[in-house]
Amino acid sequence: MAGDAFETVAIVYSLPEAAVLHGLFAQYDIATVVIGARHAATNPEWVVALGGIIVCVQREVPHEARAILAEIAARPPAVRPRLIDNVVLNAVAVILACVIGFAPIPPTRTASTFLLGDMRRPDDQPQG
């Protein structure tokens, strides 16, 4: 919208990641708004269906925020560890735990989206 004071810079799918980004931007004195965090706190299994948790920054400083996100995006993504190293045994253990009611629904493995705009690395540009 034209009158918005904030601009979206990231869409994440876990509440801890949204909190880390909020804290990181606060460290650089960048005001943020996190949209959808309360839905994620109430029903974490709905986060993907609701479009993720949206992290917005002040419209005056999106380049600074995107520069910070570009540094994060340059690093390899963290991989959530599995309960058991064997993929098949891990799947069986998770399904069994969910059926018994012992474990909550596992978190999504959907990667976060950083809206970097013109801050993308040259090798990330589309060829053509």
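Everything numeric in this text was worked out from a predicted model, so none of it was measured.

## Some details on helix α4 (residues 87–100)
Over its 14 residues, α4 extends 20 Å from the first C-alpha to the last, a length consistent with the 20 Å expected when each residue adds 1.5 Å. Its side-chain oxygen placed 3.0 Å from the backbone nitrogen of V88, N86 serves as the N-cap of α4. Just past α4, the residue G101 takes up positive phi, approximately 90°.

## As for the confidence of the model for the chain
In the predicted model, the chain carries a mean pLDDT of 81, and the fraction of residues at 70 or more is 80%. Of all helices and strands in the chain, the one with the weakest mean pLDDT is α4 (83), whereas strand β2 (residues 32–35) scores best (94).

## Regarding the packing of helix α1 (residues 15–27) against helix α3 (residues 62–74)
Packed helices, taken two at a time, are described by the angle between their axes plus the distance between the axes. Relative to each other, α1 and α3 sit at 125°, their axes nearing to 11 Å. Of the possible angle classes, the one that applies to α1 and α3 is oblique. Considering only the axes of α1 and α3, their crossing is right-handed. Contacts from L21, L24 and F25 in α1 reach A65, I68, L69 and I72 in α3. In terms of residue class, the contact of α1 with α3 is built from seven nonpolar, no polar and no charged.

## So, unusual backbone geometry
One can expect most non-glycine residues to show negative phi and most peptide bonds to be in trans. Here the phi dihedral of D29 falls at roughly 55°; this positive angle occurs in a residue that is not glycine. For D29, the location among the structural elements is in the loop between α1 and β2.

## Let's talk about the pairing of strand β1 (residues 6–12)
Summarising the sheet, β1 and strand β3 (residues 53–58) pair through six bridges and their orientation is antiparallel. Pairing of V12 across the sheet is with I53, part of β3. Across two bridges, the pairing between β1 and strand β4 (residues 113–114) is antiparallel. From the neighbouring strand, A10 faces β4, where its bridge partner is F114.

## So, the sheet that holds β1
Reading across the sheet, the four strands line up as β2-β3-β1-β4 and stay open at both edges, with antiparallel pairing between neighbours. Taken across any chain shown, the strands that pair with only one partner, and hence form the sheet edges, are β2 and β4. Bridge analysis of β2 against β3 gives four bridges, and the strand direction is antiparallel. Across the sheet, the residue bridging to V34 is V55, located in β3. Contacts from α3 reach β1, β3 and β4, with the element oriented near 15° to β1.

## Side note on the nonpolar core
Within the largest apolar cluster, 21 residues are counted, with the highest numbers of intra-cluster contacts made by V9, A10, L21, F25, I30, I53 and L69. Apart from residues lying up to four places away in sequence, L69 is in contact with V9, A10, L21, F25, F114 and L116.

The rules we used
- Residues numbered from 1 in each chain as written.
- Predicted model: local features only at pLDDT ≥ 70, side-chain atom pairs only at ≥ 80, totals over all residues.
- Heavy atoms only, no water.
- Helix = DSSP H or I, 4+ residues; strand = E, 2+ residues; numbered from the N terminus.
- Expected span 1.5 Å × (residues − 1).
- Polar contact = N/O pair within 3.5 Å; in protein donor to acceptor, adjacent residues only side chain to side chain.
- pLDDT = per-residue confidence, 0-100.
- Axes fitted to C-alpha atoms, helices over the stretch in contact; angles between N-to-C directions.
- Parallel < 35°, antiparallel > 145°, perpendicular 65-115°, else oblique.
- Left-handed = near helix turned anticlockwise from the far one by under 90°.
- Contact = heavy atoms within 4.5 Å.
- Nonpolar A, V, L, I, M, F, W, Y, C, P; charged D, E, K, R; others polar.
- Pairing = 2+ DSSP bridges.
- Core = buried A, V, L, I, M, F, W, Y, C linked by side-chain atoms within 4.5 Å.
- Buried < 20%, exposed > 50% of the residue type's maximum accessible area, 1.4 Å probe, protein only.

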